[in-house]
Structures are given as C-alpha cells and as structure tokens.
Amino acid sequence: MVKLETSWLNLLANLFETPWFAEIKSKIVQEKKQYTIYPPASLFFNAMDLCPVPQTKIVILGQDPYHGVGQAHGLSFSVPFGIDIPPSLLNIYKELERDLGIKPATHGNLESWAKQGVLLLNSSLSVRANSPASHFYIGWEKFTDSIIERLSQNKDNLVFMLWGSFARKKKILIAPDKNHLVLEAPHPSPLSASRGFIGCGHFSKANLFLQTHGLEPVHWQLP
C-alpha cells in the first residue's frame with residue numbers, strides 16, 4: 001500500500017493498481033541496488049503530503065529533483081534548511097522582490113508555500129545521485145501527468161505556473177473548462193531567467209486571481 005496523504009490517495013487510488021505503476025516500483029527497487037537515489041523514498045510524495053487536495057490553490061511544476069547530496073526533499077525548486085540556495089531559486093527570489101518587494105530569504109526551504117496550498121510538483125519524483133533526468137525513463141512522468149489532469153478536473157480556479165519549455169508542454173493536461181489561470185514564462189535558471197522570467201509578475205498575478213475568486217492569497221514571504 002502506498003503511503004500518501006488521504007485526499008491524494010482518494011484522488012489517485014486506482015493509479016497505484018496499474019501495471020505501469022508496479023513497473024515504476026520495480027525499477028526503483030533495481031535502481032537502489034546499484035545507485036544512490038534522491039530524495040529518500042519517504043519523501044517521494046512530499047509535495048502532496050504537505051499540500052492536501054482541498055487546500056491546493058497553485059501548482060508550480062519542476063522537472064526532476066536536485067541530484068546533489070542533501071538537496072532533494074520532494075518539493076520542486078526547494079532545498080532543506082542548511083543547503084545552499086540553488087541558482088534557479090535565487091532568480092525566483094529576485095522576481096519575488098521585483099514583483100512584490102519581498103526581500104530574498106536566507107534559505108531555500110519552500111515548505112511554508114506548500115503548507116499554504118502551493119503544490120511544488122516535479123515531473124520525475126526521483127533521480128540518481130549526480131545524474132540529472134536519470135529517472136525519466138522509469139515512468140514517473142505518466143504518474144505526475146495524471147496528477148495534473150485529475151487535479152485540474154476536480155478543482156476550479158487553480159493557478160498553474162509553467163516555467164520553461166518542459167513545463168509549458170504540460171498545458172495540454174490542464175482541464176480547459178474549470179476556470180484555471182495558466183501563467184507561462186521562461187525557466188528561472190541563469191540561462192534563461194533574463195529572457196522573460198524576471199518581470200513575469202506571476203506571484204502578484206496569482207494572488208490577484210485567488211482573491212478575485214474568494215480565496216486566501218499566498219504569503220510568499222518565507223519565515
């Protein structure tokens with residue numbers, strides 16, 4: 001039985017009985033025999049465990065977990081306390097300051113966003129140490145695509161932040177008839193942030209949309 005927050009377990013339950021999900025589990029077992037895998041298996045579903053379905057308001061899509069020691073903890077763009085802030089997250093902080101005047105945090109832990117209803121979802125939920133994108137072949141993307149589809153079909157007035165070409169391709173998974181706000185921009189990595197991520201205003205746009213629909217805005221200032 002998969003250990004997962006109850007509302008997500010209810011939304012996704014039949015996926016865990018499919019042959020392809022069994023194949024994901026089998027491949028993970030084999031990978032762990034040969035490689036160091038990040039994050040720890042107990043944190044594969046951390047994004048959902050911290051952000052139950054009823055509370056989810058915003059979805060920020062990442063590609064795969066950080067592959068360095070101690071970096072990945074199951075939340076896209078986030079790192080645990082005590083780990084250096086990655087370059088993409090530094091640019092996210094820069095845009096937050098430009099957009100909302102929020103001074104950059106001194107750490108990279110985004111758990112407080114997750115607990116306010118920001119689903120920090122990576123497309124792949126695991127990775128080999130020092131080997132980016134190494135687990136895309138095992139089937140995670142089919143699982144996380146299903147998360148996007150089911151969430152968007154079962155809720156109204158969600159905000160989807162799609163940063164970079166990989167994330168923007170996921171737009172086709174979002175239910176078109178549920179009044180979701182889809183925000184697109186280049187990726188916040190140093191290679192592309194200056195081409196439109198800085199200046200995108202997504203954080204203020206998201207909060208304005210939530211407030212317009214009677215929902216509590218996200219307090220983006222990190223504790």
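Notes on the structure in this doc start here. (Residues numbered from 1 in each chain as written. Predicted model: local features only at pLDDT ≥ 70, side-chain atom pairs only at ≥ 80, totals over all residues. Heavy atoms only, no water.)

Bringing helix H6 (residues 140–154) into the picture now. Every α-helix carries 3.6 residues per turn, so stepping three or four residues along brings you back to the same face. For H6, which comprises 15 residues, the first-to-last C-alpha distance of 21 Å matches the rise-based estimate of 21 Å (1.5 Å per residue) to within 8%. Of all the positions in H6, only Trp140, Phe143, Thr144, Asp145, Ser146, Ile147, Ile148, Arg150, Leu151 and Ser152 are classed as buried. Along its buried surface, H6 packs onto helix H1 (6–12), helix H2 (19–34), helix H3 (46–49), strand S2 (58–62), strand S3 (118–122) and strand S5 (159–163). (Helix = DSSP H or I, 4+ residues; strand = E, 2+ residues; numbered from the N terminus. Expected span 1.5 Å × (residues − 1). Buried < 20%, exposed > 50% of the residue type's maximum accessible area, 1.4 Å probe, protein only. Contact = heavy atoms within 4.5 Å.)

Right, let's get into the packing of helix H4 (residues 87–100) against helix H8 (residues 202–212). Here H4 crosses H8 at 60°, and the two axes come no closer than 8 Å. Accordingly, the angle class assigned to the pair H4 and H8 is oblique. Between H4, through Ile92, Glu95, Leu96, Asp99 and Leu100, and H8, the contact on the second element is made entirely by His202, Phe203 and Ser204. Here the contact of H4 with H8 is built from residues that sort into 4 nonpolar, 2 polar and 2 charged. (Axes fitted to C-alpha atoms, helices over the stretch in contact; angles between N-to-C directions. Parallel < 35°, antiparallel > 145°, perpendicular 65-115°, else oblique. Nonpolar A, V, L, I, M, F, W, Y, C, P; charged D, E, K, R; others polar.)

In this section: the side chain of Thr56. By the secondary structure assignment, Thr56 is in the loop between H3 and S2. Looking at Thr56, its side chain comes within polar contact range of the main-chain oxygen of Cys51, at 3.4 Å. Not counting the four nearest positions on each side in its chain, Thr56 is found in contact with Trp8, Cys51, Gly117, Leu119, Leu151, Lys155 and Leu158. (Polar contact = N/O pair within 3.5 Å; in protein donor to acceptor, adjacent residues only side chain to side chain.)

This part covers H2. Helix length check: H2, at 16 residues, gives a terminal C-alpha distance of 23 Å against a target of 22 Å (1.5 Å per residue), a fit within 8%. Taken together, the buried positions of H2 are occupied by Trp20, Phe21, Ile24, Ile28 and Glu31. End-on, the buried residues of H2 take up no more than an arc of 100°, which puts them together on one face. Among the exposed residues of H2, those pointing more than 90 degrees away from its buried face are Pro19 and Lys33. (Arc of directions from axis to C-beta.)

As for its placement among the helices and strands, Asp99 is situated in helix H4. When the C-alpha atoms of Asp99 and Gln116 are compared, they prove to be 19 Å apart, with 17 residues separating the residues in sequence. In contact with Asp99, not counting residues within four places along its chain, are Gly201, His202, Phe203 and Ser204.

Here we take up the sheet that holds S2. Note: strands within a sheet are paired through backbone hydrogen bonds, in either parallel or antiparallel orientation. The 4 strands lie next to each other as S3-S2-S5-S6, forming an open sheet whose pairing is parallel. The sheet is open, and its two borders are formed by S3 and strand S6 (181–185), each paired with just one other strand. Taking each pair of neighbouring strands and ignoring which way they run, the sheet shows an average axis angle of 20°. When S5 meets S6, the two strands line up parallel, connected through 5 bridges. In the sheet register, Met161 faces S6, and the bridge partner there is Leu183. (Pairing = 2+ DSSP bridges.)

For the structure on display, the rule yields 8 salt bridges. One salt bridge in this structure joins Arg168 and Glu184, with 3.0 Å as the shortest N-O distance. Taken as a pair, Arg168 in helix H7 (residues 165–168) and Glu184 in strand S6 lie far apart in primary sequence, 16 residues in all. Take Arg168: its relative accessible area is 36%, and that puts it in the partly exposed class. Among the residues examined, Glu184 registers a relative accessible area of 29% and is labelled partly exposed. (Salt bridge = Lys/Arg side-chain N within 4 Å of Asp/Glu carboxyl O.)

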